[in-house]
Amino acid sequence: MVPHLITALTGPINELEQRILESMPAIERWFRLEWMEHTPPFYCSADVRNAGFKLAPVDTNLFPGGFNNLSPEMLPLAVQAAMAAIEKICPEAKNLLLVPENHTRNSFYLTHLATLMRIFTQAGLNVRLGSLAPDLTEPTELTLPDGQSLSFEPLVRHRGRLGLKDFDPCTILLNNDLSAGIPAILEDLHEQYLLPPLHAGWALRRKTQHFKAYDDVAKKFAKLLGMDPWLINPAYAGVDGLDFAVGEGLEALQTQVDAVLAKTRRKYKEYGIAEKPFVVIKPDSGTYGMGIMTVRDAKELDDMSRRACNKMAVIKDGQAVRRVLVQEGVPTNERVNAAVAEPVVYMMDRYVVGGFYRVHAERGADENLNAPGASYVPLAFAPSGSLPRLGEKPGVSAPNRFYMYGVIARLGMVAASYELEVTDPQAEVYA
């Protein structure tokens, strides 16, 4: 079922949809060739913003935490993708150890873990949960809202291998983004596959590195389609040496905000866009929608309140913000029942396996929607994520729109593969 949508699909986005549909064979071949040269992340999700005049991924998460928000009809696709991914990595795999976040009392996150376990169980694996939480010293059962229960067990390290008391997996799936750092228990594992790799975690990963890689991908893809890469690519800049608590580095931040706004204004003028541009300032590492602010003029940073500074200074796990990404703001013109919404696309291996709308009735089109009060509406990706309806008028077909979202999200996934190759600390060993 497609949710009730009000979408401003006009002008350049209609043209982009038309071009993507006309170029579908070339696009799918392009992706196929990319995956011959590069390894996709094991799983990931992309937040996509549709402005009506621009469509772009604004964030790519390598530790997705919302599989529970996918439509149940999508699970067979996820199971097939999981089978393909495991077959490539460890065809003889029997046991999978899933290492979750430590905030396991969150009922939504528990339901997400249950969904992940179901996917990998149906893919033919024995799945168990091993916790990094230091206070978990014995198996602990937690009950889900629907009556199911999950058992969390303390991790055990033995002779260079990670497992549980009576469970020796060949594959370990991290669903912990390592914001607080890399625990020693995960390092230097012997003959075990750790997915995603440690350098995919926020202890080492940087959003500026991702969008540098995405810049390359967008240019390649735009050349393939004969279009302006700006239509699918938000401008950005990185700023280091910040300390919001004492106001350190704000001058450098203002300079970059001005620069990104100036670039965006030029593009708005070129395309006849009457809206006022804005930027989104977000931590260069980290997720959960923390430490994010929208700015329309660099002078706004002169008048930051103490509360705003405190909000920007610290994010998940008490990590201080020293570096930020200044990203061109892409407004969202998607609405679900009159509330502002943005599509989130989920992928596993190289496949789109579903998605949902993140909806927030109390936020504006230029604000971060990943905030308390958000709700989630599954996207009807089942037949449409990979099967567009060719020949239909642009802007009127939900399957075509969802196919377009899947293409843009997969560009983010290709960028993540580039990024992980460049940042791989072992890369020189194999060069």
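Residue positions within a chain follow its written sequence, with the count starting from 1. For this predicted model, a pLDDT threshold of at least 70 governs which residues receive local features, and a threshold of 80 or more governs which side-chain atom pairs are given and counted, while totals over whole chains, interfaces and linings are taken from all residues. With hydrogens and water stripped out, all remaining heavy atoms of the structure feed into the side-chain values.

Some thoughts on the sheet that holds strand β10 (residues 193–195)
Between any two strands, at least two bridges found by DSSP are needed for them to pair. By the criteria applied, helices consist of DSSP H or I runs no shorter than four residues and strands consist of E runs no shorter than two, each listed in order from the N terminus. Sheet architecture is open: six strands sit in the order β5-β6-β4-β3-β9-β10, paired in mixed fashion. A single partner strand is all that each edge strand has here, and the edge strands are β5 (140–143) and β10. Each neighbouring strand pair of the sheet contributes to a mean axis angle of 30°, computed without reference to strand direction. Examined bridge by bridge, strand β3 (residues 95–100) and strand β9 (residues 171–175) share five bridges and lie parallel to one another. Bridge pairing in β9 places Leu98 opposite Leu173. To obtain each axis, a line is fitted to C-alpha atoms, and for helices this fit is confined to the stretch in contact; angles are then taken between N-to-C directions over 0 to 180 degrees.

Focus: a negative patch on the surface
For patch building, the residue pool is restricted to those with more than 30% relative accessible area and no salt bridge; the joining distance is 9 Å between like charges and 5 Å between nonpolar side chains (Val, Leu, Ile, Met, Phe, Trp, Tyr). Surface accessibility follows the Shrake-Rupley procedure with a 1.4 Å probe radius. Residue values consider only the protein chains on display as shielding. Each reported salt bridge corresponds to a side-chain nitrogen of Lys or Arg within 4 Å of a carboxyl oxygen of Asp or Glu. Counted as positive: Lys and Arg. Counted as negative: Asp and Glu. His and the chain ends are not counted at all. By convention, charge coordinates are those of NZ in Lys, CZ in Arg, CG in Asp, or CD in Glu. Taken together, the side chains of Asp258, Asp297, Glu300, Asp302 and Asp303 define an acidic patch exposed on the protein surface. Positionally, Glu300 belongs in the loop between β13 (293–295) and α7 (306–313).

Things to note about the sheet that holds strand β11 (residues 236–239)
The strand order across the open sheet built from four strands is β11-β14-β12-β13, with neighbouring strands paired in antiparallel fashion. At either end of the open sheet lies a strand with only one pairing partner, and these are β11 and β13. Taking each pair of neighbouring strands and ignoring which way they run, the sheet shows an average axis angle of 25°. Relative to strand β14 (residues 324–328), β11 runs antiparallel, the two being bridged by four bridges. Within β14, the residue paired with Tyr236 across the bridge is Gln327. The criterion used for residue contact is that any of the two residues' heavy atoms lie within 4.5 Å. Of the strands in this sheet, β11, β12 (279–283), β13 and β14 touch helix α6 (residues 250–271), which is tilted by about 20° from β14.

Side note on the environment of Phe356
Examined against the element boundaries, Phe356 turns out to sit in strand β17 (residues 351–360). A 1.4 Å probe rolled over the protein chains alone gives each residue an accessible area, and that area as a share of the maximum for its type sets the label: buried under 20%, exposed over 50%, partly exposed in between. Take Phe356: its relative accessible area is 2%, and that puts it in the buried class. With 289 residues separating them along the chain, Phe356 and Phe67 place their C-alpha atoms 9.6 Å apart. The contact partners of Phe356, leaving out residues within four places of it in the chain, are Gly66, Asn69, Leu70, Glu342, Pro343, Val344, Tyr346, Tyr376, Val377, Pro378 and Leu379.

Structural notes on the packing of helix α3 (residues 75–89) against helix α4 (residues 107–122)
Relative orientation of the contacting elements α3 and α4 amounts to 60°, with a least axis distance of 8 Å. One finds that α3 runs oblique with respect to α4. Crossing of α3 over α4 shows right-handed handedness. Two secondary-structure elements touch here, α3 through Leu75, Ala78, Val79, Ala82 and Met83 and α4 through Thr115, Arg118, Ile119, Phe120 and Gln122. Each residue is assigned to one class: nonpolar for Ala, Val, Leu, Ile, Met, Phe, Trp, Tyr, Cys and Pro, charged for Asp, Glu, Lys and Arg, and polar for all the others, Gly among them. Here the contact of α3 with α4 is composed, by residue class, of seven nonpolar, two polar and one charged. Roughly parallel means an angle under 35 degrees; roughly antiparallel, over 145; roughly perpendicular, 65 to 115; everything else is oblique. Helix crossings fall into two classes, left-handed where the near helix is turned counterclockwise from the far one by less than a right angle and right-handed where it is turned clockwise.

Things to note about the pairing of β3
Burial runs high along β3: six of the six residues are buried. Both faces of β3 are covered, namely the face carrying Asn95, Leu97 and Val99 and the face carrying Leu96, Leu98 and Pro100. Judged from the four bridges that link them, β3 and strand β4 (residues 126–131) form a sheet pairing that is parallel. If you follow Leu96 over to β4, its bridge partner there is Val127.

Description of α3
With 15 residues, α3 extends 21 Å from end C-alpha to end C-alpha; this agrees with the ideal 21 Å at 1.5 Å per step. Those residues of α3 that fall on the buried side of the exposure criterion are Leu75, Ala78, Val79, Ala81, Ala82, Ala85 and Ile86. The buried residues of α3 occupy an angular sector of 165° when projected down its axis, which confines them to one face. The outward face of α3, more than 90 degrees from its buried face, is lined by the exposed residues Pro76, Gln80, Glu87 and Lys88. In this structure, the buried side of α3 is in contact with α4, β9, β16 (339–348) and β17. Given a helix with a known number of residues, its expected span is that number minus one, times 1.5 Å. The directions from the helix axis to the C-beta atoms are what the arc is built from.

Points about the packing of aromatic side chains
Between rings of Phe, Tyr and Trp, where Trp is taken as its six-membered ring, a pair exists when centres lie within 6.5 Å; planes separated by under 30 degrees are stacked, by over 60 edge-to-face, and by other angles tilted. All chains considered together, the criterion is met by 15 aromatic pairs. Judged by centre distance (5.2 Å) and plane angle (70°), the ring pair of Trp30 and Phe31 falls under edge-to-face. The exposure classification of Trp30 matches that of Phe31, with both residues buried. Taking 6.2 Å as the distance between ring centres and 40° as the angle between the ring planes, the aromatic pair formed by Phe402 and Tyr405 counts as tilted. Of the two residues, Phe402 and Tyr405 are both situated in helix α8 (residues 398–423); the distance of three residues between them amounts to about one turn of the helix. Put simply, the rings of Phe42, Tyr43, Phe67, Phe120, Tyr346, Phe356 and Tyr376 pair up and form one aromatic cluster. A ring has a charge above it when a Lys NZ or an Arg CZ is no more than 6 Å from the ring centre and no more than 35 degrees off the ring normal. It is Lys207 that lies over the ring of Trp202; its NZ or CZ is 5.5 Å from the centre. In this structure, Arg410 packs its charged tip against the face of Phe31, placed 4.3 Å from the ring centre.

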